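# Structural overview for review
The chain contents come next:
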There are 2 protein chains.
Amino acid sequence: MIKKIVLASRNRKKLEELQALLAGLGVEVAAVSAFPGSPEVEETGKTFAENAALKSEAIARFTGLPALADDSGLLVEALNGAPGVYSARFAGENATDADNNRLLLEKLRGQENRRAKFASLIAFSIPGKETVLFAGETSGVIIGAPRGENGFGYDPLFLSDDLGKTFAEAGAAEKNAISHRGRALQKFLAYCKSYPDFA
Amino acid sequence: MIKKIVLASRNRKKLEELQALLAGLGVEVAAVSAFPGSPEVEETGKTFAENAALKSEAIARFTGLPALADDSGLLVEALNGAPGVYSARFAGENATDADNNRLLLEKLRGQENRRAKFASLIAFSIPGKETVLFAGETSGVIIGAPRGENGFGYDPLFLSDDLGKTFAEAGAAEKNAISHRGRALQKFLAYCKSYPDFA
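Residues numbered from 1 in each chain as written. Chains lettered and ligands numbered in written order. Predicted model: local features only at pLDDT ≥ 70, side-chain atom pairs only at ≥ 80, totals over all residues. Heavy atoms only, no water.

Glancing now at the relation of the copies chain A and chain B. You can overlay chain A on chain B at an RMSD of 0.0 Å; the transform is a turn of 180° with a shift of 0.0 Å along its axis. Considering both components of the superposition, the chain copies are consistent with a two-fold axis. Across chain A, the rotation axis passes nearest the C-alpha of Leu133(A), at a separation of 2.4 Å. (Least-squares fit on C-alpha atoms with pLDDT ≥ 70 in both.)

In structure tokens, the structure reads:
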């Protein structure tokens with residue numbers, strides 16, 4: 001049985017979401033920052049799946065513990081799926097959320113089709129075993145100016161079809177119930193129930 | 001124990017590859033075409049992962065049997081990851097391989113950066129259980145004119161880093177050993193070994 005899972009993320013907001021979603025699992029959930037010297041994993045993959053697996057595998061190898069990683073991003077129809085895997089560095093390597101949001105609004109100026117999806121790939125690696133992945137998506141539109149203070153990333157611009165408000169206007173529980181990351185993690189949790197002794 | 005797996009694909013060439021790769025699994029492998037009335041699944045997802053899972057889940061539900069699906073495509077650096085999930089319909093809904101290859105060459109005319117990756121997501125669904133996914137990638141460059149008669153899709157334009165020839169010049173076994181689909185399936189096979197009673 002699994003007693004402890006390491007979350008292979010250094011993004012505080014993402015860690016908070018993952019921890020809230022995994023609270024019901026009944027295992028200890030630690031952040032990778034609790035393991036001194038753990039590697040910074042470069043996201044060299046071209047897909048969410050590759051990037052998530054790169055991270056969970058590196059951290060499972062380093063810690064010797066089961067590791068869970070998320071790679072996620074925004075896919076905008078009018079931009080042919082951009083920024084996609086480059087969502088966090090859309091406006092450059094050290095771009096802030098505000099920089100990325102600004103650039104997105106610029107690129108969509110005058111654009112009628114504002115449809116977009118958030119996608120998340122959750123990778124789960126147990127040392128010495130194969131990595132398994134779980135996917136989640138959620139739909140919405142990109143509005144013309146940021147709204148709300150919660151969440152992170154593109155949340156203030158993403159008007160959720162399911163919620164009728166932006167992810168930054170939604171409470172954490174409300175967002176997690178229908179978000180891309182929430183949906184991917186619900187699949188992970190169902191998997192843990194289907195295979196109770198998968199560890 | 002799993003005795004039979006349904007392959008959720010109607011692409012003859014892809015089925016051949018999957019069957020060759022799964023030959024060692026020791027289970028009966030059937031194509032979805034053997035199940036009259038099985039649904040044609042629309043690939044409405046924005047990611048390989050979503051599309052693969054849509055297919056494997058629909059076919060597992062319809063047949064009541066474990067189902068395996070692949071969604072895959074070509075991601076070209078100079079085209080910001082295009083054609084990606086649209087690889088099979090790059091030149092339109094009813095595009096042939098030749099149409100797609102021609103369009104790709106057109107878009108890359110005069111382009112110095114010809115780097116590209118093939119990516120595959122394998123989804124595996126057991127009725128009533130969670131879908132798990134396995135990812136594979138393989139790197140190469142897009143050459144200026146097709147070479148070779150084997151394979152399918154963009155294979156004649158994809159000069160593999162690993163093989164030093166195009167996928168269409170390679171033999172089936174040679175390609176499958178290092179291809180995106182082969183790598184994803186190797187992960188699936190390792191997973192089956194890790195969890196012998198996962199069914």
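Still more ground to cover, so stick around.
Attention now moves to the side chain of Ser125(A). All names here are of chain A. Within the secondary structure, Ser 125 sits in strand E4 (residues 115-125). A relative accessible area of 2% places Ser 125 in the buried class. Leaving out residues up to four positions away in the same chain, Ser 125 has contacts with Ser 56, Glu 57, Ala 60, Leu 65, Pro 66, Ala 67 and Thr 131. (Helix = DSSP H or I, 4+ residues; strand = E, 2+ residues; numbered from the N terminus. Buried < 20%, exposed > 50% of the residue type's maximum accessible area, 1.4 Å probe, protein only. Contact = heavy atoms within 4.5 Å.)

Moving on, we come to the pairing of strand E2 (residues 28-31) of chain A. Residues and elements named next belong to chain A. Relative to E2, strand E1 (residues 4-7) is paired through four bridges, and the arrangement is parallel. Residue pairing across strands places Leu 7 opposite Ala 31, the latter belonging to E2. Handedness of the E1-helix H1 (residues 12-22)-E2 crossover: right-handed. (Pairing = 2+ DSSP bridges. Right-handed = clockwise from strand over helix to strand, strands pointing away.)

Next up on the list: the interface of chain A and chain B. Put simply, an interface is often sized by how much accessible area is lost when its parts join up. If you look at the interface, chain A gives 28 residues, while chain B gives 28 residues. Surface buried jointly by chain A and chain B totals about 2,500 Å² across both partners, of which 61% is contributed by carbon and sulfur atoms. When contributions to the side of chain A that touches chain B are tallied by element, the ones reaching two or more residues are helix H2 (48-63), E4, strand E5 (132-142) and helix H5 (180-194) of chain A. Looking at the side of chain A that touches chain B, the element that brings in the most residues is E5(A), giving six residues. Looking at the side of chain A that touches chain B, its residues break down into 14 nonpolar, six polar and eight charged. (Buried area = accessible area lost by both parts, 1.4 Å probe. Nonpolar A, V, L, I, M, F, W, Y, C, P; charged D, E, K, R; others polar.)

Residues and elements named next belong to chain B. Helix length check: helix H2 (residues 48-63), at 16 residues, gives a terminal C-alpha distance of 23 Å against a target of 22 Å (1.5 Å per residue), a fit within 8%. Within H2, twelve of the 16 residues are buried, which leaves the element mostly enclosed by the surrounding structure. Along H2, the residues classified as buried are Phe 48, Ala 49, Glu 50, Asn 51, Ala 52, Ala 53, Lys 55, Ser 56, Ala 58, Ile 59, Ala 60 and Thr 63. Remark: Gly 64 follows H2 within two positions and exhibits a positive phi of approximately 70°. (Expected span 1.5 Å × (residues − 1).)

Moving on, we come to the environment of Ser125(B). Residues and elements named next belong to chain B. With 67 residues separating them in the primary sequence, Ser 125 and Ala 58 have C-alpha atoms 9.0 Å apart. A polar contact is formed between the side chain of Ser 125 and the side chain of Ser 56, at a distance of 2.7 Å. Among the polar contacts listed, one links the side chain of Ser 125 to the side chain of Thr 131, at a separation of 2.8 Å. (Polar contact = N/O pair within 3.5 Å; in protein donor to acceptor, adjacent residues only side chain to side chain.)

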